[in-house]
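# Structure at a glance
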Amino acid sequence: MKLVFIDPKCPRPYDPEVLATQGLGGTEATVVRIAGALSAQHQVTVFQHNRKNVWQGERGLCFKPMADLEQELAAADHLVFVQKAQDLAKLHRRSRGSWWLWLHNYVPEEVPLFWQDHLRYRLGVICVSRTHALQTARYIQSQSHSWLTARWALRGGLLYHHNPLNPALGTLPGASYDPCKLTFFSSPHKGLEQVVVQFRRVHEIEPRFRLYVADPGYLKNLDSRQLEHPGIVRLGSLPQTEVLRHVAESLCVFYPQTKRAETFGLVYAEAHAVGTPVLAHDFGAAREVLGDSNPPLDAGSAETVQQTLFAWQHGQRPTVCADPRFSLPQVSQGWNRFFADPTAFIRTQGLT
């Protein structure tokens, strides 16, 4: 089977080599891992709008410039847009394959979505959690103008695949954690300013706390002055394995922000995979992804945040581990079942 992924809006080109050596956002890291896993059984090509050269893998995996896309349209069995269905009308006429939009963010706040495309071109929707899929369904159905169009707006199908964990996380050496070390390793636009405010309050009570801040490096207009604090250590953009070594050494991932909900939350899943709990707000997919021993909380309450953090520091830290639902083999098996029979796979999830 020939599978095509189209990324029309990535901040910069990415591929397996970039994932191994540089900081990379969760969406891009997920595309690399899923494309690589699927290439064991299929021919997989990832097209990127800002790529200039071709990256060729050992198996059936290739990353190419967008200019080469038209050469492969006719042979593709499934074509998956990442985040944005761009030039769909033109491309759809030249392909016999099934078309999908793989969303990693919420609509319409973070990515545009036009329900007419889903009605007209049978454009299916792939989300990254059940929480995300249900929110997307509600939005699409609320935008259509009648009962009939609401029913048919999702005729291309709606489903979800969780984001996969890096298999190498299981090989990271176990670390004894520092009860005064906290980490933040999301993009700064995901409420970093709120996290810093909460940390400053905590630091006033317990000056030994340190907050280590890492990010993928995409946000060029980050106001670094907010990180000028004696308790904050700025790590910058690091490869994932280096970031997660810091996470494994930490009391917790300190993520008490209420600004931007996670559609999945690789932050949650990766932290658990290295044995570190996450102090996070109860919204988005937090409750779906975080383990039962580490439930989300009301991060709008500074008192709740502080009480939880100090309880963890003094012996009540939750015990967490990798969730098998998010292993790369488990997730890629789901993708293979989906591509083999989309209708049957969608029916089993029962979202619509």
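Everything below is about the structure printed above this text.
Fair warning: this is a prediction, and the values are worked out from it, not measured in the lab. (Residues numbered from 1 in each chain as written. Predicted model: local features only at pLDDT ≥ 70, side-chain atom pairs only at ≥ 80, totals over all residues. Heavy atoms only, no water.)

### Digging into the overall build of the protein chain
Quick note on the threshold: In this text, helices come from DSSP runs of H or I with a minimum length of four residues, and strands from runs of E with a minimum of two, each type numbered from the N-terminal end. It is over C-alpha atoms that the radius of gyration is taken, and the globule rule equals 2.2 Å times the number of residues to the power 0.38. Burial classes: relative accessible area under 20% of the type maximum marks a residue as buried, over 50% as exposed, and values in between as partly exposed (1.4 Å probe, protein chains only). Contact definition: two residues touch when any of their heavy atoms are within 4.5 Å.
On a plain count of helices and strands, the protein chain comes out with 13 helices and 13 strands. A globule of 352 residues ought to have a C-alpha radius of gyration of about 20 Å, and the protein chain, at 21 Å, matches this closely. With the C-alpha coordinates of the protein chain rotated into their principal frame, the extents come out at 65 × 50 × 35 Å. Residues classed as buried in the protein chain amount to 59% of the 352 residues present. Pairs at least 24 apart in sequence give 67% of the contacts found in the protein chain among residues at least 6 apart.

### Regarding the environment of Gln 313
Structurally, the position occupied by Gln 313 is in helix H11 (residues 302–316). With near-sequence residues (within four places) excluded, Gln 313 lies in contact with Pro 179, Cys 180, Glu 206, Arg 208, Phe 209 and Leu 251.

### Quick look at helix H7 (residues 192–205)
Selection criterion: Expected helix span is given by 1.5 Å per residue-to-residue step, counting one fewer step than there are residues. In this description, one arc is meant: the one made by directions from the helix axis to the C-beta atoms.
With 14 residues, H7 extends 20 Å from end C-alpha to end C-alpha; this agrees with the ideal 20 Å at 1.5 Å per step. Among all positions of H7, only Leu 192, Val 195, Val 196, Gln 198, Phe 199, Val 202 and His 203 are buried. Angularly, the buried residues of H7 cover 165° about the axis, an arc narrow enough to put them on a single face. In the core, the buried residues of H7 are packed alongside strand E9 (178–184), strand E10 (210–214), strand E11 (232–236), strand E12 (250–255) and H11.

### Re the nonpolar core
Note the threshold: Only buried Ala, Val, Leu, Ile, Met, Phe, Trp, Tyr and Cys residues count toward a nonpolar core, and they belong to the same one when joined by side-chain atoms within 4.5 Å.
Judged by nonpolar contacts, the single largest core of 81 residues is most densely connected at Trp 102, Phe 254 and Trp 335. Membership of the second largest hydrophobic core comes to 30 residues, among which are Ala 76, Leu 103, Trp 115 and Leu 158.

### Side note on the environment of Lys 181
Test applied: Two N or O atoms form a polar contact when they lie within 3.5 Å of each other; inside protein one atom must be a possible hydrogen donor and the other a possible acceptor, and for residues adjacent in sequence the pair counts only when both atoms belong to side chains.
Mapped onto the secondary structure, Lys 181 falls in strand E9. Distance from Lys 181 to Arg 33, taken between C-alpha atoms, is 30 Å for residues 148 residues apart in sequence. Those residues within four positions of Lys 181 in sequence are excluded, and the remaining contacts are Arg 210, Tyr 212, His 246, Glu 249, Ser 250, Leu 251 and Cys 252. A polar contact of 2.9 Å, which involves the side chain of Lys 181, links it to the side chain of His 246.

### A look at the pattern of salt bridges
Selection rule: The term salt bridge refers to a pairing of a side-chain nitrogen on Lys or Arg with a carboxyl oxygen on Asp or Glu at a separation within 4 Å.
Going through the model one piece at a time under the given rule, you end up with 12 salt bridges. As a salt-bridge pair, Arg 94 and Glu 70 come within 2.4 Å of each other at their nearest N and O atoms. Here the residue Arg 94 occupies a position in the loop between helix H3 (88–92) and strand E6 (98–102), and Glu 70 occupies one in the loop between strand E4 (61–65) and strand E5 (78–82), the gap between them amounting to 24 residues. Salt bridges here are not isolated pairs; linked through shared partners, they connect Lys 2, Lys 64 and Glu 72.

### What about the sheet that holds E12?
Keep this limit in mind: Here a strand pair is declared whenever DSSP counts at least two bridges between the two strands. Inter-axis angles, ranging from 0 to 180 degrees, are taken between N-to-C directions of lines fitted to C-alpha atoms, where helices are fitted over the stretch in contact.
Strand order in this open sheet of 5 strands is E11-E10-E9-E12-E13, and the pairing throughout is parallel. Every other strand in the sheet has two partners, leaving E11 and strand E13 (278–280) as the edge strands with one partner each. Each strand axis lies, on average, 25° off the axis of its neighbour in the sheet, ignoring direction. In terms of strand pairing, E12 meets E13 through 3 bridges, oriented parallel. Note that in E13 the partner of Tyr 255 across the bridge is Ala 280.

### Structural notes on the packing of helix H2 (residues 26–38) against helix H12 (residues 328–340)
What counts is decided by this rule: With respect to orientation, any angle under 35 degrees is reported as roughly parallel, any angle over 145 as roughly antiparallel, any angle of 65 to 115 as roughly perpendicular, and every other angle as oblique. Helix crossings are classified by the rotation of the near helix relative to the far one: an anticlockwise turn of less than a right angle makes the crossing left-handed, while a clockwise turn makes it right-handed.
At a minimum axis distance of 10 Å, the contact between H2 and H12 shows a crossing angle of 65°. The angle between H2 and H12 falls in the class roughly perpendicular. Crossing geometry of H2 relative to H12 is assigned as right-handed. Contacts between H2 and H12 involve Arg 33, Ile 34, Ala 37 and Leu 38 on the former and, on the latter, Leu 328, Val 331, Ser 332, Trp 335, Asn 336 and Phe 339.

### Some thoughts on unusual backbone geometry
Following Val 107, the chain continues to Pro 108 via a peptide bond in cis, the omega torsion being -5°. Relative to the helices and strands, Pro 108 resides in the loop between E6 and helix H4 (115–121).

### Considerations on the environment of Leu 119
By secondary structure assignment, the location of Leu 119 is in helix H4. The sequence separation of Leu 119 and Ala 153 amounts to 34 residues, and the corresponding C-alpha distance is 4.5 Å.

### Structural notes on the state of the cysteines
Selection criterion: Working definition: a disulfide is two cysteine sulfur atoms within 2.5 Å of each other.
Inspection of the entire model under this criterion finds 0 disulfides. The structure places no disulfide on Cys 180, whose sulfur is separated from the nearest cysteine sulfur, that of Cys 252, by 11 Å. The cysteine Cys 321 is free of any disulfide, with Cys 252 supplying the nearest cysteine sulfur at 17 Å.

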